[in-house]
Number of protein chains: 4
Amino acid sequence: MKVHTVGGYNEVGKNMTAIEVNGEIVIIDMGADMETVIEYEEEMETLSTKEAIEAGAVPDDSDIHDRKDDVVAIVISHGHLDHTLAVPKLAKVYDCPIYATPFTKKIVERIIKDDDARVNNGVRTLKIGETTTLSDHFELEFVKITHSIPHTPLTVLHTSDGTAVYSCDFKLDEEPTLGNKPDYERIRELGDEGVKAYIADSTRTDQKGRTKSEHETAIELRSIINRAYEDNEGVIVTTFSSHIARLNNILDANDGRRKVAFIGRSLKEYTQSAQELDLIDLSNVEVLSYYNEVEDFLRRASKEKGDWLIVCTGNQGEPNAVLSRIARGEYNYHIDEKDRVIFSSSTIPAPVNEANRYKVEKLLRERGTQVEVDVHSHGHGMREDQRDMIRLLEPEHIVPAHGGTEKLAATASLAIDEGYVLEQNVHISQNGNIVNLDRPA
Amino acid sequence: MKVHTVGGYNEVGKNMTAIEVNGEIVIIDMGADMETVIEYEEEMETLSTKEAIEAGAVPDDSDIHDRKDDVVAIVISHGHLDHTLAVPKLAKVYDCPIYATPFTKKIVERIIKDDDARVNNGVRTLKIGETTTLSDHFELEFVKITHSIPHTPLTVLHTSDGTAVYSCDFKLDEEPTLGNKPDYERIRELGDEGVKAYIADSTRTDQKGRTKSEHETAIELRSIINRAYEDNEGVIVTTFSSHIARLNNILDANDGRRKVAFIGRSLKEYTQSAQELDLIDLSNVEVLSYYNEVEDFLRRASKEKGDWLIVCTGNQGEPNAVLSRIARGEYNYHIDEKDRVIFSSSTIPAPVNEANRYKVEKLLRERGTQVEVDVHSHGHGMREDQRDMIRLLEPEHIVPAHGGTEKLAATASLAIDEGYVLEQNVHISQNGNIVNLDRPA
Amino acid sequence: MKVHTVGGYNEVGKNMTAIEVNGEIVIIDMGADMETVIEYEEEMETLSTKEAIEAGAVPDDSDIHDRKDDVVAIVISHGHLDHTLAVPKLAKVYDCPIYATPFTKKIVERIIKDDDARVNNGVRTLKIGETTTLSDHFELEFVKITHSIPHTPLTVLHTSDGTAVYSCDFKLDEEPTLGNKPDYERIRELGDEGVKAYIADSTRTDQKGRTKSEHETAIELRSIINRAYEDNEGVIVTTFSSHIARLNNILDANDGRRKVAFIGRSLKEYTQSAQELDLIDLSNVEVLSYYNEVEDFLRRASKEKGDWLIVCTGNQGEPNAVLSRIARGEYNYHIDEKDRVIFSSSTIPAPVNEANRYKVEKLLRERGTQVEVDVHSHGHGMREDQRDMIRLLEPEHIVPAHGGTEKLAATASLAIDEGYVLEQNVHISQNGNIVNLDRPA
Amino acid sequence: MKVHTVGGYNEVGKNMTAIEVNGEIVIIDMGADMETVIEYEEEMETLSTKEAIEAGAVPDDSDIHDRKDDVVAIVISHGHLDHTLAVPKLAKVYDCPIYATPFTKKIVERIIKDDDARVNNGVRTLKIGETTTLSDHFELEFVKITHSIPHTPLTVLHTSDGTAVYSCDFKLDEEPTLGNKPDYERIRELGDEGVKAYIADSTRTDQKGRTKSEHETAIELRSIINRAYEDNEGVIVTTFSSHIARLNNILDANDGRRKVAFIGRSLKEYTQSAQELDLIDLSNVEVLSYYNEVEDFLRRASKEKGDWLIVCTGNQGEPNAVLSRIARGEYNYHIDEKDRVIFSSSTIPAPVNEANRYKVEKLLRERGTQVEVDVHSHGHGMREDQRDMIRLLEPEHIVPAHGGTEKLAATASLAIDEGYVLEQNVHISQNGNIVNLDRPA
């Protein structure tokens, strides 16, 4: 078995990994580097594949590309853009289907459509808990795990040369608020059956402790919303549009007490996809995205703030998002010390985001608005979560993924702590490398 | 009204404040500086009052002492040692009763007994939600608030010169696991009636955001304990002995699945006091403290680890506590990679504690034991909690307390943000000063 | 004596303090809030005084303004914009002269001219080491001290009610590279004669230790430049245009080995003023600022990089500065791994600056350029420097200045450490307050 | 060529590396893990080799031990204990000489004597700038580099299979105060001739920027000492006993103005060795180490503080060192606010050291003594220094050393930045591994 570490091994972003067995290759994920994408903004869609690779926006897949006829399947693990957004640029050259969970499928299809790309691979669905045959040498299984977007599995490839487990992205949430907790029984069973390669999400393994449960964020949200409602304040919440569990928690915190509006294009897109799969109930939510309808609504709502819970885009301070426009006074929605704005998110640590967020928060605070930040739990497990996973899977080999060299090293260091040996059965790789697991140490 | 800022205005520790109205004085709290106490260890009890003051272990109350006949009451806000441990050294000189909630009363009485001090003031109880008359000019009311030890009220003094509210220590926990959430209605009512002075807990106001709920820690505890039980691991938890809510959460996480032992002198003392007040049910808990019984028990339990949940002292890495002894192998309780040790606490940030904790954790990890740290929520509110409190109380004057100058300044900075003006209606004081609220600015 | 703390007591910026004795008032400094100025960019000059105050860009001097006839002098301590840039907005209303050192005078006059303001106060010069009479009750003395712009004195007001010493901005540099070290003898003499009020620069008193000498930066600069010259690399240095000592250190590091160019408008302005006062020798420096001449020069220099040492604007990553344009490839000056870019500066900690700097550095590093950062020593003393100053002056009262409440509190905390008492002889103030030193504690 | 990464690849400490070519092996360094040594204290000398290995105090050399007849030489790069202290435990089994520079030789011989070990290898000296033949396949060259102890070379092994360069420990000090700056010409020449393996000091490559010059510390020392002398204060300096350049800088800062005493056993040992090699002139220094003579001296000096500059042991707060005893008042040397204590060192980041240092500083500050800390420059280069080295050597392979996995990864990340590829020509290893440079990638 060989692990092609195509993208996401020098950075948090543009994830792409490929597993090769007996000459057959399965690709997992085709993501974009979001910091680069933000720099390019709208222009992204106009870039050719070559330009997008050179810009560093999508993985350089030349190693796999040279062997494109050996690729039997593309698996997209989940819908986050650092795992999906390169599909329009990279997938079409491979003459094979794309596999994904139902929610992920909807996202991938929208991305393809938005890019106006001719991607004819077709997206087949596999549900969590199910297994399907990809080729002579590969079977794909999706095992229940938890993350911050629906329908994220632990991706398992059963091959004629052993099992590969890919955990990007995962957390171990014992009390998720949407869907079940991880299927520890099956995970342990995989370990008992034998795992040859574990490709390990390293995004936050460099932080000690554990990632807190989404249930905890639910408590924080309803605590703050209760406090605001008691004072009859105007309330605006902003969060990641794809975080359907969070949106449900916001609705739960509201508990029917106020009318709810979801405002912004991406909120509309993601929640409508989620509704189609019964992941959210929008029947009592006003969903708005066009500029004029937003403006009309906000003018109206400004006069009856105590009646509304507003959820909108702009958690990263994006200058064109709804929250930034409200903060700058572009709509007739007036905020002051009787309003509370809740950032149910963390700021992605790129300086441009931090500057944007700072500006929005500053505008809000200057008007006396109470600003609540980091009402959030992360989607990636931390050091002790990863240790649990390693102890459950007991893999022969560990390939840290989803981070720069230092982050990969943190997972390697944990593995060493657990008895693994560098270059022998734990492998720090980089973009473009191939880790040959059968090579003698 | 004058606020005597006797102790806890140059440090986090040795809290003591006095409110003076019309020549009458009420003292709130008589606490010790815990870092100094740790340095002196056992010796503490042998120090005279004068020596304890000079060592910096207890507040220098000379300003009040000179007017001891004017003191009409001592109120002890709650049972933590930085609010109570100076009682044996300081209380006896004042010819007046001590007031406290029932759980606090038990602690104060034990402290007096342990110190072998002749303190004849007598401790009267006042329950949370009740009011009592202290003197001609003072009424005492205890209002429901939340903290990390049972029976901690918001201490309210209704005086002939207006109301003083003392919030050391508090958090705003919307979902406490033992007792009710803060009585916002009454707090807001106090604000509406008019608060002249707000003495504000500043321990963590220098940190942005909010303190998480005890409910969140309960989730974290049961998540980790579930994971350990699934793997049939030995489980040891250590936490603050006075944190009865936490101990209940540990019992809840266990949910009757294993037998439970509480081991260590302070655990025994605090939990027995709590049981007498129906704050915890120890009927299914084996409580141990003598060396021999602990040794016997641990030898036995070592052979049936899967049957036991062990809760013990030592969360700060104290060299003589049970956990440190286990880690050093002093008992016949063998730990290895099939054990999990949970620190349901934070390390109090004194270098000696940090060194002690480091040693214990290192010993545990060297044996392969999975160590879980910071499974904890703090007892003090953070910046946004304090902002809520200020907005509810709308006090005339704010006197930040419970911290060094920089911490007091953080609360002052928040007050300025909320429209207060330094030296006019927000007052950064220091130990030994008197803040005269009636002095023209 | 009263100290009017007009600006710079809630932030690092827009410094303005006034000393009142016997009904006469002397203003020290009229600075701008640079973060706000950066937001407003060019627009700043078009703002009216009222608008500039409301925007928070300049101090709100209404308290002094109401008593404008009592103002006998305006002293500008030094040329940095947070001490000078409000002059065009605020000075004209006061019918009195401005006093400044010669270099500061040039800067103030240029600022007035740039703003197109009708400021007719006139700027009188007082040299360091000299004293002049301002009015019946005030004498002004400038004492030698060190900072990061030439001609910065310790500002001393001898009044009929005692001496006021203003140390914003200062460091204690035992080995400055331009001018002499602080005049400790005179400073100690001031202490011996008696100082009533010490207005204390608190910008960095919250950091422990001492600020390093400019001599150390000189060593770092010549070390890096030596290494680059040995490898025959292209070298670009960017620094603060007003930091004439630094520019001299860059010339010294070059030591005549290469031709030198100074590029950028502000570099030209400051260095020409400095040359007129014999503070720098530009006879062997090519000074360029117009776009066309810069473009021509850079096209030419690009072909003979080994011959040039380029010093240019852009140390904060300002998008329109020369360095940013070079990094974006807007000039025909090609950089790659054979170039070294030296940021002889620190990034002013505003998120927009940090984002700008990040972008420039990223562009440079992507081309393989070796980027050297923080080759810099600060202009403000740290905790031990301030302690030295307090021990030398032994002032009756300390008024921390030049920072938000937390920074002022750090100086207050140091003063307490040295035996001062809050509200008695150390006073944490805020913008708009008046500290009355004669009021009984 | 194979690189045996024996010790110092999982931690900062117990450094040991071996280079194998054509069946011959040369060992470089035999160091101890200082944190473990501190734990064991005096006991260390009583441990057998096996016990010392099991305790983690010295490297586990079993891999090399099995081939002990192939070892042709042991090279000790410099005198620091993490490179030398394992010699008494490990060297004797190898039937070959030890090579070291003259100062290092003296240290190694003293360590052997102190341990009472029978090490009969014999220590041969090689001066910096010289080359010697070790065996058929190995030549050893010591090239001028800079570090914080005298006679530290860049260790170069010219072998029949190419050149190996070992840089543990190094900084690039352009202006060292004792000895010359690095021999860049020779280093570049090595690069031009071809370097097969570069074993790279990674202790501080995880920090951006450059390590400051010892010349800068000299400036800081004389600045503080000048300030103290001007005030006629008592002055105590503590630093690393082996840091002869620093001790010289202290003498230079004194400049004959006061009498000087060096107090403490390790200070005596190191400085006497240094004097024998003309690295320091002790003719005007009183050197004291026995308890009685120290006590007598300090009693006397306490009465004439203005006449003395005292340099003593205790920079890490070691409880038994001279400074700690002074702070605790064990000698008749009284300190107060007229004293200044200078820590010309950094605290080695082990919690026990930090707690010790904290205690000493607290005792000193409580008496009003002005405490100056971190008057120090580190001995290890930072990221840009390492980048310079890589660009000079242009090695075929890089093996990061001297740190845990995360630190090694930081150097690897830098190497990737410079065009290297993981597992191909940059190798993150761990203790006990062998990096085979000739194995196909």
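Predicted, not measured: the structure shown is a model, and the values here were computed from it. (Residues numbered from 1 in each chain as written. Chains lettered and ligands numbered in written order. Predicted model: local features only at pLDDT ≥ 70, side-chain atom pairs only at ≥ 80, totals over all residues. Heavy atoms only, no water.)

A. Quick peek at the overall build of chain A. Regarding its fold elements, chain A presents 15 helices and 19 strands. The C-alpha radius of gyration of chain A comes to 22 Å, within 12% of the 22 Å expected for a compact globule of 441 residues. Based on the C-alpha atoms only, the size of chain A along its principal axes is roughly 70 × 45 × 35 Å. A buried classification covers 66% of the 441 residues belonging to chain A. In the form shown here, chain A has an accessible surface area of approximately 15500 Å², with 42% of it arising from carbon and sulfur atoms. (Helix = DSSP H or I, 4+ residues; strand = E, 2+ residues; numbered from the N terminus. Rg over C-alpha atoms; globule rule 2.2 N^0.38 Å. Buried < 20%, exposed > 50% of the residue type's maximum accessible area, 1.4 Å probe, protein only. Areas by Shrake-Rupley, 256 points an atom, 1.4 Å probe, with all protein chains shown as cover.)

B. Focus on the interface of chain A and chain B. Facing the 34 residues of chain A at the interface are 34 residues of chain B. Each partner contributes to the roughly 2800 Å² buried at the junction of chain A and chain B, and carbon and sulfur atoms together form 38% of this total. One can count 14 salt bridges joining chain A with chain B. Across the pair Arg222 of chain A and Glu175 of chain B runs a salt bridge whose closest N-O atoms are separated by 2.4 Å. Counting every contact that joins chain A to chain B gives 20 residue pairs in polar contact (both at pLDDT 80 or more). Secondary-structure elements contributing two or more residues to the side of chain A that touches chain B are helix 7 (184-193), helix 8 (214-230), strand 17 (370-372) and helix 14 (383-393) of chain A. (Contact = heavy atoms within 4.5 Å. Buried area = accessible area lost by both parts, 1.4 Å probe. Salt bridge = Lys/Arg side-chain N within 4 Å of Asp/Glu carboxyl O. Polar contact = N/O pair within 3.5 Å; in protein donor to acceptor, adjacent residues only side chain to side chain.)

C. Fine view of the confidence of the model for chain A. The pLDDT averaged across chain A works out to 96; a share of 100% of its residues lies at or above 70. The ipTM value of the predicted complex is 0.94, and its pTM value is 0.94. (pLDDT = per-residue confidence, 0-100.)

D. View of the relation of the copies chain A and chain B. Expressed as a screw operation, the relation of chain A to chain B combines 0.0 Å of axial shift with a rotation of 180°, fitting to an RMSD of 0.0 Å. Between the two chains, the operation in question is that of a two-fold axis. Residue Glu216 of chain A of chain A places its C-alpha closer to the rotation axis than any other residue of that unit, at 2.6 Å. Counting the interface residues of chain A, we find that 100% of their copies in chain B are interface residues as well, pointing to one common contact surface. (Least-squares fit on C-alpha atoms with pLDDT ≥ 70 in both.)

E. Seen up close, the relation of the copies chain D and chain A. You can overlay chain D on chain A at an RMSD of 0.0 Å; the transform is a turn of 180° with a shift of 0.0 Å along its axis. The share of interface residues of chain D whose copies in chain A are also at the interface is 100%, consistent with both copies meeting through the same surface.

F. The arrangement of the environment of Asp339 of chain A in detail. All names here are of chain A. Along the chain, the position of Asp339 falls in strand 16 (residues 339-344). For Asp339, a relative accessible area of 1% translates into the label buried. For Asp339 and Arg257, which are 82 residues apart along the polypeptide, the C-alpha to C-alpha distance reads 17 Å. Apart from residues no more than four positions distant in its own chain, Asp339 is found in contact with Glu233, Gly234, Lys305, Tyr333, His334, Thr369 and Gln370. A polar side-chain atom of Asp339 sits 2.8 Å from the main-chain amide nitrogen of Asp336.

G. View of the interface of chain D and chain A. On the chain A side, the residues contacting the 21 residues of chain D number 21 residues. For the pair chain D and chain A, the summed buried area comes to about 1700 Å², and 45% of that belongs to carbon and sulfur atoms. The interface formed by chain D and chain A holds 0 salt bridges in total. At the boundary of chain D with chain A, the tally comes to 6 residue pairs in polar contact (both at pLDDT 80 or more). The biggest single contributor to the side of chain D that touches chain A is helix 15 (residues 405-417) of chain D, with 7 residues. Grouping the constituent residues of the side of chain D that touches chain A by class yields 10 nonpolar, 7 polar and 4 charged. (Nonpolar A, V, L, I, M, F, W, Y, C, P; charged D, E, K, R; others polar.)

H. A look at the packing of helix 14 (residues 383-393) of chain B against helix 15 (residues 405-417) of chain B. All names here are of chain B. Interhelical geometry of helix 14 versus helix 15 gives an angle of 50° and a closest axis separation of 10 Å. Taken together, the axis directions place helix 14 and helix 15 in an arrangement best described as oblique. Considering the relative orientation of helix 14 and helix 15, their crossing is right-handed. Contacts from Arg383, Gln386, Arg387 and Ile390 of helix 14 reach helix 15 at Ala410, Thr411, Ser413, Leu414 and Asp417. In the contact of helix 14 with helix 15, the residues fall into 3 nonpolar, 3 polar and 3 charged. (Axes fitted to C-alpha atoms, helices over the stretch in contact; angles between N-to-C directions. Parallel < 35°, antiparallel > 145°, perpendicular 65-115°, else oblique. Left-handed = near helix turned anticlockwise from the far one by under 90°.)

I. Expanded view of the sheet that holds strand 15 (residues 308-312) of chain B. Residue and element names in this part refer to chain B. Strand order in the open sheet made by the 6 strands is 14-13-15-12-16-17, with parallel pairing throughout. Since the sheet does not close on itself, it has two edges, and those belong to strand 14 (285-288) and strand 17 (370-372), each with one partner. On average, each strand axis in the sheet is inclined to that of its neighbour by 20°, with strand direction left out of account. Bridging between strand 16 (residues 339-344) and strand 17 involves 3 bridges; their strand directions are parallel. The partner of Ile342 across the bridge, within strand 17, is Glu372. (Pairing = 2+ DSSP bridges.)

J. Just the packing of aromatic side chains, in detail. Inspection of every chain in the model, using the stated rule, returns 8 aromatic pairs over all chains. Both rings, one in Tyr291 of chain C and one in Tyr331 of chain C, keep their centres 5.4 Å apart while their planes meet at 35°; by these two values the pair is tilted. With Tyr291 of chain C in helix 11 (residues 291-301) and Tyr331 of chain C in the loop between helix 12 (322-327) and strand 16 (339-344), this pair connects stretches of sequence that are 40 residues apart. Owing to a relative accessible area of 37%, Tyr291 of chain C belongs among the partly exposed residues under this scheme. Taking 4.7 Å as the distance between ring centres and 90° as the angle between the ring planes, the aromatic pair formed by Phe297 of chain C and Trp308 of chain C counts as edge-to-face. Taken together, the residues span a long stretch of sequence, with Phe297 of chain C in helix 11 and Trp308 of chain C in strand 15 (residues 308-312) at a distance of 11 residues. Residue Phe297 of chain C shares its accessibility class with Trp308 of chain C, and that shared class is buried. Here the guanidinium or amino end of Arg357 of chain B rests over the ring plane of Phe343 of chain B, the centre of that ring lying 3.9 Å away. Note that Arg227 of chain D overlies the ring of Tyr184 of chain C, its terminal NZ or CZ placed 4.2 Å from the centroid. (Phe/Tyr/Trp six-rings, centres within 6.5 Å; stacked < 30°, edge-to-face > 60°. Lys NZ or Arg CZ within 6 Å of the ring centre and 35° of its normal.)

K. Expanded view of the nonpolar core. Counting 108 residues, the largest nonpolar core has Ile19 of chain B together with Ile19 of chain C as its most contacted members. Apart from residues lying up to four places away in sequence, Ile19 of chain C is in contact with Met1, Lys2, Val3, Glu24, Ile25, Val26, Ile28, Phe138, Leu157, Ala164 and Ile199 of chain C. Listed in part, the 107 residues of the second largest apolar core include Tyr9 of chain A together with Ile19, Leu190 and Val435 of chain D. (Core = buried A, V, L, I, M, F, W, Y, C linked by side-chain atoms within 4.5 Å.)

L. Up close: empty space enclosed by the protein. Under the counting rule described, the total for this entry stands at 2 cavities of 30 Å³ or more. Computed from the structure, the largest cavity encloses a volume of approximately 50 Å³. Around the largest cavity, the lining residues are Leu422, Glu423, Val426, His427 and Ile428 of chain B together with Leu422, Glu423, Val426, His427 and Ile428 of chain C. Broken down by class, the residue content of the lining of the largest cavity amounts to 6 nonpolar, 2 polar and 2 charged. Along its surface, the second largest cavity is lined by Leu422, Glu423, Val426, His427 and Ile428 of chain A together with Leu422, Glu423, Val426, His427 and Ile428 of chain D. Residues of the lining of the second largest cavity, tallied by class, amount to 6 nonpolar, 2 polar and 2 charged. (1 Å grid on protein atoms, 1.4 Å probe; cavity = no way out; pocket = protein on both sides within 12 Å on 5 of 7 lines; lining within 4 Å. Points joined across faces, edges and corners; volume = space filled by probe spheres on them.)

M. Just helix 13 (residues 351-366) of chain D, in detail. Between its first and last C-alpha, helix 13 of chain D extends 22 Å over 16 residues, near the 22 Å set by a 1.5 Å rise per residue. Taken together, the buried positions of helix 13 of chain D are Pro351, Asn353, Ala355, Asn356, Arg357, Val360, Glu361 and Leu364 of chain D. On its buried face, helix 13 of chain D sits against helix 13 (351-366) of chain B together with helix 1 (34-40), helix 12 (322-327), strand 16 (339-344) and strand 17 (370-372) of chain D. Immediately beyond the C-terminal end of helix 13 of chain D, within one or two residues, lies Gly368 of chain D, with a positive phi of roughly 90°. (Expected span 1.5 Å × (residues − 1).)

N. Quick look at the packing of helix 15 (residues 405-417) of chain A against helix 15 of chain D. The N-to-C vectors of helix 15 of chain A and helix 15 of chain D enclose an angle of 150°; their axes lie 9 Å apart at closest approach. Judged by the inter-axis angle, helix 15 of chain A sits roughly antiparallel to helix 15 of chain D. Taken as a pair, helix 15 of chain A and helix 15 of chain D cross one another with a handedness that is right-handed. Seen from helix 15 of chain A, the contacting residues are Thr405, Glu406, Ala409, Ala410, Ala412, Ser413 and Ile416 of chain A; seen from helix 15 of chain D, they are Thr405, Glu406, Ala409, Ala410, Ala412, Ser413 and Ile416 of chain D. Per-class residue counts for the contact of helix 15 of chain A with helix 15 of chain D are 8 nonpolar, 4 polar and 2 charged.

O. Highlighting the side chain of Thr217 of chain C. For Thr217 of chain C, the position within the fold is in helix 8 (residues 214-230). The residues touching Thr217 of chain C, leaving out its near neighbours within four places in the chain, are Lys212, Arg246, Ser344, Val375, His376 and Ser377 of chain C.

P. Representation of the domain arrangement of chain A in the model. Residue and element names in this part refer to chain A. With domains assigned, chain A is organised as domain 1 (2-210 + 379-436) and domain 2 (214-372). On a C-alpha basis, the centres of domain 1 and domain 2 stand 31 Å from each other. In this complex, domain 1 contributes 18 residues to the contact, which on the side of domain 2 involves 19 residues. Between domain 1 and domain 2, roughly 1600 Å² of surface is buried when both sides are summed, and carbon and sulfur atoms account for 61% of that area. The largest share of the area that domain 1 buries against domain 2 comes from Lys106, Arg110 and Thr177, three residues that together contribute 32% of it. (Domains from an automatic or database assignment.)

Q. Here's a closer look at the sheet that holds strand 5 (residues 98-100) of chain A. Residues and elements named next belong to chain A. Sheet architecture is open: 7 strands sit in the order 6-5-4-3-2-1-19, paired in mixed fashion. This sheet does not close on itself; its edge strands, each paired only once, are strand 6 (123-125) and strand 19 (433-436). If you compare each strand with its neighbour and ignore which way they point, the axes differ by 25° on average. Summarising the sheet, strand 2 (residues 16-21) and strand 3 (residues 24-28) pair through 5 bridges and their orientation is antiparallel. What sits directly across from Thr17, in strand 3, is Ile28. Contacts between helix 6 (residues 102-115) and the sheet are confined to strand 5 and strand 6, with strand 6 contributing the most and set at about 165° to the helix.

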